[in-house]
Amino acid sequence: MSEPTPDLFVDTVFAYQKTAAIKAAIGLDLFTAIGTDAKTIEAIAKETGAAPKGIRILCDYLTVQGFLKKLGDHYEATAATQIFLDAKSPAYMGGVVEFMASPEMMRSFLEDPTSYVRNGGAVGSSTLDPNHPSWVTFARAMVPFMAPVTQSVAEQVASWSPPPRKVLDIAAGHGMFGITVGKVIPQAEIVAVDWEPVLTVAKENAEKAGIDNRYRTIAGSAFEVNLGSDYDLVLLPNFLHHFDKETCVELLKKVKQSLSATGKVLAVEFVPNEDRISPYMPACFAFVMLAHTPSGDAYTGAELDAMAVAAGFRGATTVPLASSPESLVSFERKVQYRLYG
């Protein structure tokens, strides 16, 4: 049996160094410079315009962290690095550091963590502020990160018979959940709700996707604006976790009123197991909400089901999404019976 060591503690305290290293690598486009061929320090330094000493130390550090492999005096990218961090790859997601590792995000986590733990949520200004600049950054940066999830959701929706013809995308952000549904269902009209600055990004993405003629927006808070009616599908992607249970129930009641007779509601959420310590990312996500919202949380399947029932639904079913730490939550309508006499 090995002796206890402080390694976990030390590694955790120094975790910001990993963030700094990956930000430097993305900023220098280092992984793209290395590409699929092993390269020397001098070659990488020339392509990135950085000092050879800096490249040597950074590449060695990234090798220790598992992003690179060192072969003598050459470095090459791992398979995962080639797919996700080489800017030439269609699955590139390096741009998400602009949001995930932005100064605002780093500051909100590190400046006074004791305060938000003691308070049970973010103190003072939080990212729920409609004018918070992080939302536009989020909308622009997170598209590659969310692409597999949006595609998975859209494919499931497209399999419905009949497919939805009118879709509401609440807290649309980059808009890609609704937009991807619109791409796979050519007859679907998409309505996106979010703050006006963020909707600018969503409209840009709708135009790029070629569905802008079927895409309209409602600017404002989903809790306050008139959502409209007769939606065959309402999407709630990554939204419920920002609020306490009571607020979620009130939103779900409003959403239920906007549905058509056969309309459905789908949410995308980080859903931890009932033990709240697994799986890894959903279990850790509650801490993100603690730091960034006054009352948000990561809700278990049982908690989401209870919210559904309180809002007048029959219940909620949670199914993990393939190749994602998130889950698809289906809010099920109560069966309506007609009495004949």
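Bear in mind the structure is a predicted one, so any value in this text is a computation, not a measurement.

Topic: the sheet that holds strand β10 (residues 327-332)
Reading across from one edge, β6-β5-β4-β7-β8-β10-β9 is the order of the seven strands in this open sheet, with mixed pairing throughout. At either margin of the open sheet sits one strand with a lone partner, and together these are β6 (215-219) and β9 (315-320). The sheet shows a mean angle of 20° between the axes of neighbouring strands, taken without regard to direction. As paired strands, strand β5 (residues 189-194) and β6 are joined by five bridges and run parallel to one another. Considered in β6, the bridge of Val-191 is made with Arg-216. Contacts from helix α11 (residues 143-158) reach β7 (231-237), β8 (259-269) and β10 within the one sheet, and its direction differs from that of β8 by about 155°. Packed onto the sheet, helix α12 (residues 176-184) meets β4 (166-170), β5, β6, β7 and β8 and runs at close to 140° relative to β7.

What about the pattern of salt bridges?
One pass over the full model with this rule turns up eleven salt bridges. One salt bridge in this structure joins Glu-47 and Lys-39, with 2.7 Å as the shortest N-O distance. Here Lys-245 ties to Glu-303 by a salt bridge, and the two come within 3.0 Å at their closest N and O atoms. Residue Lys-245 is found in helix α14 (residues 245-257), and its partner Glu-303 is found in helix α16 (residues 301-310); the two are separated by 58 residues along the sequence. The class of Lys-245 is partly exposed, set by a relative accessible area of 37%. Via salt bridges that share partners, Lys-245, Arg-276 and Glu-303 belong to a single interconnected network.

Brief notes about helix α13 (residues 196-208)
Note on helix geometry: an α-helix contains 3.6 residues per turn, so any two residues three or four positions apart are oriented the same way. Between the first and last C-alpha of α13 there are 19 Å, a value that for 13 residues agrees with the 18 Å anticipated at 1.5 Å per step. Burial in α13 covers these residues: Val-198, Leu-199, Val-201, Ala-202, Asn-205 and Ala-206. Down the axis of α13, the sector holding all buried residues measures 155°, keeping them to one side. Residues Glu-207 and Lys-208 are exposed on α13 and point more than 90 degrees away from its buried face. Residues of α13 that are buried in the fold lie against α10 (134-141), α11, α12, β5 and β6. Downstream of α13 by a residue or two, Gly-210 has a phi angle that is positive, lying close to 80°.

The rules we used
- Residues numbered from 1 in each chain as written.
- Predicted model: local features only at pLDDT ≥ 70, side-chain atom pairs only at ≥ 80, totals over all residues.
- Heavy atoms only, no water.
- Pairing = 2+ DSSP bridges.
- Helix = DSSP H or I, 4+ residues; strand = E, 2+ residues; numbered from the N terminus.
- Axes fitted to C-alpha atoms, helices over the stretch in contact; angles between N-to-C directions.
- Contact = heavy atoms within 4.5 Å.
- Salt bridge = Lys/Arg side-chain N within 4 Å of Asp/Glu carboxyl O.
- Buried < 20%, exposed > 50% of the residue type's maximum accessible area, 1.4 Å probe, protein only.
- Expected span 1.5 Å × (residues − 1).
- Arc of directions from axis to C-beta.

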